[in-house]
Structure formats: C-alpha cells, structure tokens
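A look at the structure
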Amino acid sequence: MSKTIMITGCSSGLGYDAAHGLAARGWRVFATCRKAQDCERLRSEGLESFQLDYASSESINAAVAEVLSRTGGTLDALYNNGAFAMPGAVEDLPREGLREIYETNLFGVHELTCKIIPVMRAQGHGRIINCSSVLGLVPMRWRGAYSSTKFALEGLTDTLRIEMRDTPLHIITVEPGPITSDIRKNSIPPFERYVDWKASPRRAQYEESLLARLYEARGPDRFELPASAVTKKLVHALESARPKPRYFVTTPTYLMAAARRLLPTRVLDWLIAKG
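To start, this report covers the structure provided alongside it. Everything numeric in this text was worked out from a predicted model, so none of it was measured.

**Focus: the pairing of strand E1 (residues 4–7)**
Covered by surrounding structure in E1 are Thr4 and Met6 together with Ile5 and Ile7, the residues of both alternating faces. Bridge count between E1 and strand E2 (residues 28–33): four bridges; the pairing is parallel. The residue of E2 that forms the bridge with Ile5 is Val29. In this view, the connection linking E1 to its parallel neighbour E2 by way of helix H1 (residues 13–24) has right-handed handedness. Direction of pairing for E1 relative to strand E4 (residues 77–80): parallel, over a ladder of three bridges.

This is the structure:
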C-alpha cells in the first residue's frame, strides 16, 4: 500500500507542487484547499481533494474525518503548508487583521496537528511537517503580521519536536525563502481590507515601495527558486530513515539562519534594513 499524506494549501504554489510531486512518487495524497472550486480543479487533475479552511474548526474536523474514512483510520504524514500574508507597517495593523492571519497561519495549524497526533500515536509512526519561512527566522519591514505568525510557528514546532522525543513521531520544519508562488497576489485582499495606508504616517513609504511590489508586474525576486525546490526537501523529510529536524531551501534562508546566530542584533538589523 502507498503511504498517505494530507497537505493543506494545495490550490497553487508550494502545496500544488508538493501534491503532484508526491503523487508522482507513489504517495496517496489528500490535497486540501480552502475553496471548493480549487478542490474541483485538483480532482480533475487526478488528485484526491476536498476542502479544509484553517480558520474553521468545523472545516478541520470534517477534513480529518474525510481522510480517516478513506484510509481506514490511519495517516502517515501531515504537511501543514497553507498560509497567507497581510503586508503593512506594524503600526498600521489592526487587531482584527492580526486575529484573522493568526487563525489561519497558527491556530488552525495547531488544531489540525493536534487532531492528527492521536492517529499517529495509535498507529505507532508518523511525520508532521510544518512549513515556516525565512521570515520565521528574521523579520523584514512590511511583513510584521506574516513574520510574527511564522516566529510563533517556529516556537510551537520546536517545542512539539522536543516533547515528541519519547514517541515514534517525527516533527519537522521546512524553511523556504523566496519561492515562486501566488502569496504576493493573494496578500492584496487582506491588505486592502485591513490596512488604511492613506491615513498612515508612512504613506509616502507605501507609495515608494510596498504598493509597487504589490500591484506592479515584476520579475522573480533575487535568489527566487521554483516550488519544486521545496518539494525536493519535503521528499527527503518524508522518505529519509532519519529526517532532519529542519530543512533550509533557498540561499537567503541559509544566510539569514547563520546571520541570526552569529551577528549582533544591531548589525543584523542594519543588514535587513539595507536589503
């Protein structure tokens, strides 16, 4: 029997590539998406797909029940990939906006993970892989909301990994950096909904930098890699007999991980602000 994996956020980008890449390797993939039309599209492409919205406990419960009904109560791996961004200066982020992004990027990930842990305990094995970011290692301006959720995910995942040392479960973090995806395009609606940039004391800075990045057609970022680069590391995390606790993907992620360990805070702040 093929091994089974549940992946969140499969409508595009990292999740989409992972779902197809693992299916091609013989994994039975449950590719979940927030929107029904995306699930229908993935089913037309030959994947098993159904809805999962991290912001809804009802949706999480239904998705877990669907997986277990299809497998007879088992699941070999969970890849928590789904997330979204909400750009804006920290001083312009309203509480309701932060609450929405945390519901998806952290609380939903935690709830789904806690639903799957008993399944893996009972079967005596399992791997839980959380997709963090270079922004879970170091911050960058305009990314305070997203970065803070990934910093929190790093802490939660590291603690879970330590606590699970007395179980047969592997807890793993994948650390992408600049990867080709729709995350920038998908960040426009929450930005427009929650960030009143025209009333901000940083209005000129928005106009000079962030608005162009959000709304203008741009080429790839420096060091940007395709989503398949993340899938390659995911395969190692899933199939290696002794997986690493953390997988870096892009050059900036390796560099920033080292810089965070080695550089004084003032120097690191200067480096990030300059770049």
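Okay, back to it.
**Some words on the pairing of strand E5 (residues 126–131)**
Within E5, six of the six residues are buried, which leaves the element mostly enclosed by the surrounding structure. Where burial is concerned, the two faces of E5 agree: the one with Gly126, Ile128 and Asn130 and the one with Arg127, Ile129 and Cys131 are both buried. In terms of strand pairing, E4 meets E5 through four bridges, oriented parallel. Paired with Leu78 across the strands is Ile128, a residue of E5. Handedness of the β-α-β unit built from E4, helix H4 (residues 95–123) and E5 comes out right-handed. Note that E5 and strand E6 (residues 169–175) share six bridges and pair parallel.

**Let's talk about the environment of Pro252**
For Pro252, the location among the structural elements is in helix H10 (residues 251–262). In the structure, Pro252 is positioned 28 residues away from Glu224 in sequence and 9.2 Å away in space, judged by C-alpha atoms. Not counting chain neighbours up to four residues away, the residues in contact with Pro252 comprise Val134, Pro178 and Phe223.

Rules behind the numbers
- In this convention, every chain numbers its residues from 1, walking through the sequence in written order.
- In keeping with the predicted nature of the model, local features appear solely for residues at pLDDT of at least 70, side-chain atom pairs appear and are counted solely at 80 or more, and the whole-chain, interface and lining totals rest on all residues.
- Hydrogens are left out, water is left out, and the side-chain values use all remaining heavy atoms of the structure.
- Three exposure classes are used, based on accessible area relative to the maximum for each residue type with a 1.4 Å probe and protein chains only: buried under 20%, partly exposed in between, and exposed over 50%.
- Labels follow the DSSP assignment, with helices taken as runs of H or I lasting at least four residues and strands as runs of E lasting at least two, numbered in each case from the N terminus.
- Any two strands are treated as partners once DSSP identifies two or more bridges connecting them.
- With strands facing away from the observer, any crossover in which the path from the first strand over the helix to the second runs clockwise is taken as right-handed.
- Contacts: residue pairs with any heavy atoms within 4.5 Å of one another.

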